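Summary of the model geometry
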Amino acid sequence: MKTGDGGSHDLRGVRERLGLERLVTASTVQLEELDPDHPDAAHCLRSRTAELREPFDGGFDPAHSPLPDPGELRAARGL
């Protein structure tokens with residue numbers, strides 16, 4: 001691929017570097033099970049709801065959604 005200044009890029013090298021960056025980023029992700037009432041979990045649920053509003057003309061109302069109530073996301077207790 002040629003750039004406007006006459007230089008060239010090795011696309012294969014660029015792809016390899018991007019792949020490496022993704023692996024490094026993925027290696028820093030930590031998953032932890034949290035109660036849906038935990039502030040971090042609540043933040044994630046609010047963020048996801050906000051993301052879902054964007055593609056819909058009328059927005060997204062979680063009250064009219066088949067998505068579970070946050071309390072239903074709580075881990076089962078008992079036997």
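Residues numbered from 1 in each chain as written. Predicted model: local features only at pLDDT ≥ 70, side-chain atom pairs only at ≥ 80, totals over all residues. Heavy atoms only, no water.

1. What about the pattern of salt bridges?
Oppositely charged side chains can form a pair if their charged atoms are brought close together. Using the criterion set out here, one finds 3 salt bridges in the structure. Here Asp 35 makes a salt bridge to Arg 74, at a shortest N to O gap of 2.6 Å. Of this pair, Asp 35 sits in the loop between α1 (11-27) and α2 (39-53) while Arg 74 sits in the segment after α2, and the two are 39 residues apart along the sequence. Glu 51 serves as the salt-bridge partner of Arg 48, at 3.1 Å between the closest nitrogen and oxygen. Residue Arg 48 and its partner Glu 51 are located together in helix α2, separated by 3 residues, close to a single helical turn. Linked through salt bridges whose partners overlap, the residues forming this network are Asp 35, Asp 37 and Arg 74. (Salt bridge = Lys/Arg side-chain N within 4 Å of Asp/Glu carboxyl O. Helix = DSSP H or I, 4+ residues; strand = E, 2+ residues; numbered from the N terminus.)

2. Structural notes on the side chain of Thr 49
Structurally, Thr 49 is set in helix α2. Residue contacts for Thr 49: discarding those within four places in its chain leaves Phe 60 and Pro 62. (Contact = heavy atoms within 4.5 Å.)

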